[in-house]
Amino acid sequence: MRNALFLTALSRIATAVATLLVVAAVVFFLMRLIPGDPVLNWLGSNYDKADYDRLKAFYGLDLPVGQQFFVWVQRLFQGDLGSSVLTNLSVVEELLRRIPVTVELIVLALLVALPVGIGAGIWAAWRYGRPTDHALLTATLLGISLPEFFVGALLMLAFSLEWRLLPATGFSRFAWSWEHFSHLVLPALALGLPRAAVICRLMRGSLLEVFGRPFIRASLAKGLSRKATLFVHAVRNALIPVVTVIGLQIGYLVAGAVVVEKLFVIPGVGAYGLNAVFARDYPSVQGFILVVATIFLVANVIVDLLYVWLDPRIRIGPRTAAA
Amino acid sequence: MLKRTFVMLAMTLSLAGSVWPVAAQQAQPRSGGVLRVGIQSEPRSLDPLLVITDGATGHIVSSIFNTLVKYDAKMQIVPDLATSWKVENDGKAVDFFLRKGVKFHDGTDFDAAAVKFAFDRILDPANSSPYRTFFKPVEQVVVINPGTVRFVLANAWPGFFYQLVYVGGMGIPSPTAVKALGNAGFARKPVGTGPFQLSDWQSGDKIVLTKNPNYFRAKMPYLDRVEFKVIPDSTALTTSLRTGQLDLVRDIPTQLLPLLEKEQSLVPSVKNAYSFDWFALNAAKPPFNDVRVRQAINMAIDRDALGVAVYGKGTRGSSSQIASANSFAHPKKLPTFTYDPEKAKKLLADAGKSNLKFTLYSSTVKPQLAQEATVIQAQLAKIGVTVDHQVLEHQAWLARVLKERNFEASTVGGTGGPEPNSYVMFWTKDNPVNFVSLNNQELFDLVPKAQGVINEAERKKIYHRIQELGAQEAAWMALMEVPSNAVMSNKVKGYVHLPYNVSYFDDVWLAP
Amino acid sequence: MSTRDELLAVKGLGVNIAGATVLDGVSLAIRPGEALGLVGESGCGKSMTSLAILGLLPRGAKVTSGSVTLRGEELLGAGEDALCRVRGGAIGMIFQEPGACLDPVMRIGRQIGESLEIHRGLKGAAQDAELRKLLAEVGLTDAERVLRAYPHELSGGMQQRAMIAMALAGEPVVLIADEPTTALDARIASQILDLLDRLRRERGLALLLISHDLAVIGGRCDRVMVMYAGRLVEAAPAERIFSEARHPYTAALIEASPGIAGVAPKSALRDIPGQLPAPGSVMEGCAFAPRCSLARPACSTRVPRWSALADRGNERGVRCLQYEEGW
């Protein structure tokens, strides 16, 4: 029994590693298909062909692409992601410094997206068909259609420029201080609110579906008030499909972090990746992709666990047996 | 020598908004405080010798390092680490007499050996310095004594002094620090003699410089710290300026200026500069391998209208190669193209290209390049030329246009400098940056020759001739002069807006 | 029967959904210890009646007339708090498909415990002891496992027993069982019916047993009421209705039902021709007229009244024009 568990865990990790490698390989070759040449960044408006060749060789970019990939994988297994073609800084060090920043931003965004999204979804479903519901639906439609950078810019104009409540940009290292968090409030909102809109709509739809299920009527017939029925029975059941989608939303959060970090000048992984892509800084792009894919995989494992916690039917289902 | 044109926009507005203008003028400089400067892109390196210090980088390295000579407020060459100099041997040798008692931030002494170390570093091919080709005329750097250094040149080189302050300037690094840290390490931990020293670099966030207590100018600088905050997004940048999170931003996208001019706490400054946006036609490829077609297209562009459309009121169209700020090399009567669509039509007809169709690229490096292409597209449509405009992401543009030369036409952004040579130096036969494939022997002869002529009148004549030839070739023509701007808080005093990638923060102080 | 005996009384209940009449003048009464069967095809309004009693009509449904009283106290229009005390308290209810009526993500023990807590304020050890007692009463022996189980871990029969335990938790005086055995196989179904029977006797419960299946109702109830298209069409003592059905619909229903105790089906599984009218479309005359073999032209224009019948001292009634004057 324990052996089987160990084996399944092992196969799961192996699958994750294989996924990471495939993602890394796809990005590796794709990046080289996009026109661009990082070496040109170092050369000015007047250079010798010899300078160009020397730099190209220095960064190992003169090798055939297949060989470059082989070298990259070889180094990867030694924990070395190389150094940036743009700044010569170690990719691993840069990423390690930036990962906590991005993870914090994503966690804060989730702290916005989950309560706001789930809360608003419950409220809308509770007020189904009434003005509150319509208002929330309209607001979420806006939230879904507005991209993060637009929401961010609006928040910045309102909270920083108009009301002068929060700083527009800037960042301070982690501390349990207002100084630290004041810089993350707007980014977390910009990143979290569009997600909250999506979650709100899902939660509303899921709750309305649950409201129609017999056990809700049975709960009312049992003497539970409508509110108690909502919170004790309906919400938890309605959360089950929502949680699956939250896993996907974490993917959107990582993608959104790229934009939000750039807008609010937060030195996280996203801003790093964006710069790297624009500069064709291949080693940095590869590191970035590994981090993003890992965050995504870890998030999905967490969602799987949440799922099991929320839905007891899964524990003995074929899902557990396979996973 | 250089005739300067100052365009101070909204000057009246800012004065009207100032409650105590007299008191402010009489105030004495005060020490202390932090100047927060917004920059739109983060430097890749702060090593002034191994990276092109354009964009924000120049403004930062010019505070960490000193150069042998520097600019004054009128962009004239004045002493910095060299207190004086002597040109000898018909211009083939220059002796610099160095400031005494200057120390690097690491406590080591600045002397002639440090100067030699710096320039040997540029010239050593192993370092792949982007400035190596610029300093090709330098044969040798010789330490005469600790206070004197001699540059031995292959030929007389009047532009030499300007080259020393090219973009961010050839800052002199601490040889001890370079040797200890290596090139990669020094790029992140630069050590110079400047008024400020690097104390913190949070990549993706900010670069913090703190006051150098041992700076050779007594009691200078006034500021305790200068913080450069990286803010790539325009909305975030302007908001930070307007909310007082930033004190100064250089060369903000021009379309944002009207918004900032309305803010009473901000003082904008706009000056004629050394930048052009260019129109590049590939002379090696049909249809622009025919000079008549190139000339016709250039005649059909209404440059003044284009300039105003893209950079706003007061922008001047130009079809020169050297900016009007370089009055020395800029002829009073430019051999320019005047807007003449009828003549253009006729020329095209003569060339048998009446129904000309071509592809015009623009890079994403700045938004104006695409806007220009759109206006050009509309203007050329009037003479029956069909333009297919394609925007290329900057790296793709570099690869396709600059490296592969696989293009017909493109708009291009580019900056020269106070030294006229900086505009034309790559017009030589095999230069990798001669991507328009200019092929004119007289031009190829004159460009290197101009560098070596000491006689000003003769040099002037050569640069005028170069521009004539450039206009004849019509493959690489300016569209308009791009102004430089600075927007600062009204608390910032003593900042001189040099229309170049350089800032000296020694004399800057903050009003309470 | 005097009204004082009546524990639960429904009088002239009318319900509309979006303007369409779904219940029209439904009256029924039930005494302590009595089992009343309510029978009819699905969609005839049986479940709507039970939901109206508890004030649990679906969104959009409105009571237009009538009253519902419990021990003489009006339930229609009562406050939500008062209704919450009645639901699961004085009136317990069980539904068909016990699997779907139990919250799939909550342990059985907690679901039953909830009722104990809200109606009797039992918590902790007292609740636990009562839970075990209840489980024993409904015939769930492995209390330890059942209390910790999630609904999907129990069989259909066990789930229904758990539902019954839940309905009993509030110590009800009336138990409404709406199709309690429809989702179960025959053997389990009869066990559940036996259980309901026993509980009724032991606890003196008034049982309102709702089913589409006369066979389920037949042997278990004292009285049977037949519903058609939102109206009661016949009421009779159970032992009499099979032998002497008065309404043509009742007769057709009996004919279509296999294996009713004591009555052999005349033809196995014969369907009643035609189908139940759509709600709200037929209130012109007798709703059954289009399917009725005895129908006359008057049947589709005149709504039949409720006619009390004398039947050896039994309470009987029928809603059919043939029992009215002038037939």
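Note on numbering: residues in each chain are counted from 1, in written sequence order. Starting at A for chains and at 1 for ligands, labels are handed out in the order in which the entities are written. Note on the predicted model: pLDDT of at least 70 is required for a residue's local features to be given, and 80 or more for side-chain atom pairs to be given and counted; whole-chain, interface and lining totals, by contrast, use all residues. Only hydrogens and water are set aside when side-chain values are computed; all heavy atoms of the structure are taken into account.

Asks: Hey, could you run me through the packing of aromatic side chains in this one?
Replies: Aromatic rings in a pair are described by how distant their centres are and how their planes are angled relative to each other. Two rings from Phe, Tyr or Trp (for Trp, the six-membered ring) form a pair when their centres sit within 6.5 Å of each other. Planes less than 30 degrees apart are called stacked, planes more than 60 degrees apart edge-to-face, and all others tilted. Using the criterion set out here, one finds 42 aromatic pairs over all chains in the structure. Ring geometry for A:Phe28 versus A:Phe29: centroids 5.6 Å apart, planes at 65°, classification edge-to-face. What links up through ring pairs into an aromatic cluster is the set B:Trp85, B:Phe96, B:Phe119, B:Phe135, B:Phe151, B:Trp157, B:Phe160 and B:Phe161. The ring of A:Phe28 is capped by A:Arg32, whose NZ or CZ atom sits 3.7 Å from the centre of that ring. Taking NZ or CZ as reference, A:Arg32 lies 4.1 Å from the ring centre of A:Tyr282, over its face. The criterion for a charge sitting over a ring is simple: Lys NZ or Arg CZ within 6 Å of the ring centre, and within 35 degrees of the ring normal.

Asks: For this particular structure, what's the right way to read the interface of chain A and chain C?
Replies: When the parts come together, some accessible area is lost, and that loss is often what is quoted as the size of the interface. Each partner contributes residues to the interface: chain A has 24 residues there, and chain C has 29 residues. Take the accessible area each of two parts loses on contact, using a 1.4 Å probe, and add the two losses: that sum is the buried area. When chain A packs against chain C, the two sides together hide about 2,200 Å² of surface, and 62% of this comes from carbon and sulfur. Summed over the three residues of chain A that lose the most area to chain C, namely A:Arg217, A:Ala221 and A:Lys222, the buried surface amounts to 26% of that side. Salt bridge, as used here, is a side-chain nitrogen of Lys or Arg placed within 4 Å of a carboxyl oxygen of Asp or Glu. On the surface where chain A and chain C come into contact, there are two salt bridges. Notably, a salt bridge pairs A:Arg226 with C:Glu80, separated by 3.4 Å at the nearest N-O pair. Each polar contact in these results corresponds to two N or O atoms within 3.5 Å; when the atoms are within protein, one needs to be able to donate a hydrogen and the other to accept it, and residues that are neighboring in sequence are counted only if both atoms are side-chain atoms. On inspection of chain A and its partner chain C, the count reaches 10 residue pairs in polar contact (both at pLDDT 80 or more). Put simply, the parts of the chain that give the side of chain A that touches chain C at least two residues each are helix 8 (214-221), helix 9 (226-264) and helix 12 (313-316) of chain A. Gly is placed with the polar residues, together with every amino acid not listed as nonpolar (Ala, Val, Leu, Ile, Met, Phe, Trp, Tyr, Cys and Pro) or charged (Asp, Glu, Lys and Arg). Residue classes in the side of chain A that touches chain C are distributed as 12 nonpolar, four polar and eight charged. Whether two residues touch is decided by their heavy atoms; if any such pair falls within 4.5 Å, the residues are in contact. A run of DSSP states H or I qualifies as a helix once it reaches four residues; a run of E qualifies as a strand once it reaches two. Both are numbered from the N-terminal end.

Asks: Where do I start with the pairing of strand 14 (residues 357-363) of chain B in this structure?
Replies: Residue and element names in this part refer to chain B. Counting buried positions along strand 14 gives six out of seven residues, so the element sits mostly inside the fold. The pairing criterion is simple: DSSP has to find at least two bridges between the two strands. Relative to strand 15 (residues 386-392), strand 14 runs parallel, the two sharing seven bridges. Looking at the pairing, Tyr361 lines up with Gln390 of strand 15. Seen with its strands pointing away from the viewer, a crossover is right-handed if its path from the first strand over the helix to the second goes clockwise. Tracing the backbone out of strand 14, into helix 12 (residues 367-381) and back to the parallel element strand 15 gives a crossover that is right-handed. For strand 14 and strand 16 (residues 409-415), the ladder comprises two bridges, and the chain directions are parallel. Each residue of the ladder has a partner; that of Leu360, found in strand 16, is Ala409. Type-normalised accessible area, obtained with a 1.4 Å probe on protein chains alone, sets the label of each residue: buried when under 20%, exposed when over 50%, and partly exposed for intermediate values.

Asks: For this particular structure, what's the right way to read unusual backbone geometry?
Replies: What you tend to see is this: most non-glycine residues have negative phi, and most peptide bonds are trans. All names here are of chain B. Look at the link from Met220 to Pro221: it is a cis peptide, with omega at -5°. The residue Pro221 is located in the loop between strand 10 (206-211) and strand 11 (225-230) in this model. With an omega of 0°, the peptide bond running from Pro286 to Pro287 counts as cis. Counting through the fold element by element, Pro287 comes out in the loop between strand 13 (266-281) and helix 9 (291-299). For Met75, which is not a glycine, the phi torsion comes out positive at approximately 60°. In this structure, Met75 sits in the loop between strand 3 (69-71) and strand 4 (77-79).

Asks: How should the side chain of B:Asp205 be read in this particular structure?
Replies: Looking at the element boundaries, B:Asp205 is found in the loop between strand 9 (196-202) and strand 10. This buried residue, B:Asp205, is left without a salt bridge; B:Lys206 holds the nearest opposite charge, at 4.7 Å. B:Asp205 has contacts with A:Phe171, A:Val265, A:Pro267, B:Phe228, B:Lys229 and B:Val230, leaving out every residue within four places of it along the chain. Just so you know, the count uses Lys and Arg for positive and Asp and Glu for negative, and it drops His and the chain ends.

Asks: Looking at this model, I keep getting lost on the side chain of A:Asp51. Mind explaining?
Replies: Position of A:Asp51 among the secondary structure elements: in helix 2 (residues 49-58). Within the local environment of A:Asp51, its side chain forms a polar contact with the side chain of A:Arg54, the two groups lying 2.4 Å apart. Discounting chain neighbours no more than four positions away, the residues touching A:Asp51 are A:Leu43, B:Ser128 and B:Arg132.

Asks: Which parts of the structure should I look at to understand the interface of chain B and chain A?
Replies: Counting residues at the interface gives 43 residues for chain B, matched by 42 residues for chain A. Both sides together, the interface formed by chain B and chain A hides about 3,800 Å², and carbon and sulfur atoms give 53% of it. Our enumeration of links across chain B and chain A arrives at 14 residue pairs in polar contact (both at pLDDT 80 or more). When residues of the side of chain B that touches chain A are traced back to their parent elements, those giving at least two are helix 6 (175-188), strand 9, helix 7 (234-242) and helix 13 (394-403) of chain B. Residue classes in the side of chain B that touches chain A are distributed as 19 nonpolar, 13 polar and 11 charged.

Asks: Got a minute to help me understand the arrangement of the chains in this structure?
Replies: Most contacts, when the two pairs of chains in contact are compared, are made between chains A and B. No interface is formed between chain B and chain C, the nearest pair of C-alpha atoms being 46 Å apart.

Asks: What is the right way to look at the sheet that holds strand 1 (residues 8-17) of chain C in this model?
Replies: Remark on secondary structure: sheet strands pair via backbone hydrogen bonds, oriented parallel or antiparallel. All names here are of chain C. Ordered in space as 2-1-4-5, the four strands form an open sheet in which the pairing is antiparallel. The two strands at the open ends of the sheet, each matched to only one other strand, are strand 2 (20-30) and strand 5 (73-74). In the sheet, strand 1 pairs with strand 2 via seven bridges, with the strands oriented antiparallel. Note on strand 2: the bridge partner recorded for Ile17 is Ala20.

Asks: I would appreciate a short explanation of helix 8 of chain A in the present structure.
Replies: Since there are 3.6 residues in each turn of an α-helix, residues three or four apart along the chain are aligned in direction. Among the eight residues in helix 8 of chain A, six count as buried, and that is most of the element. Regarding helix 8 of chain A, the residues found buried are A:Phe215, A:Ile216, A:Ala218, A:Ser219, A:Leu220 and A:Ala221. Along its buried surface, helix 8 of chain A packs onto helix 7 (178-211) and helix 9 of chain A together with helix 1 (46-54), strand 6 (91-94), helix 3 (98-101) and helix 7 (156-168) of chain C. Positive phi shows up at A:Gly223, right after helix 8 of chain A, with a value of about 110°.

Asks: Would you mind showing me how to read the pattern of salt bridges here?
Replies: Working definition: two side chains of opposite charge can pair if their charged atoms are close together. A full pass over the atoms with the stated rule returns 59 salt bridges over all chains. The salt bridge partner of A:Asp37 is A:Lys56, with a shortest N-O separation of 3.4 Å. One end of the pair, A:Asp37, is in the loop between helix 1 (2-33) and helix 2; the other, A:Lys56, is in helix 2, and 19 residues separate them in sequence. On the basis of relative accessibility, which here comes to 2%, the residue A:Asp37 falls in the buried class. Taken together, the shared-partner salt bridges connect C:Asp194, C:Asp197, C:Arg200, C:Arg220 and C:Asp222 into one network.

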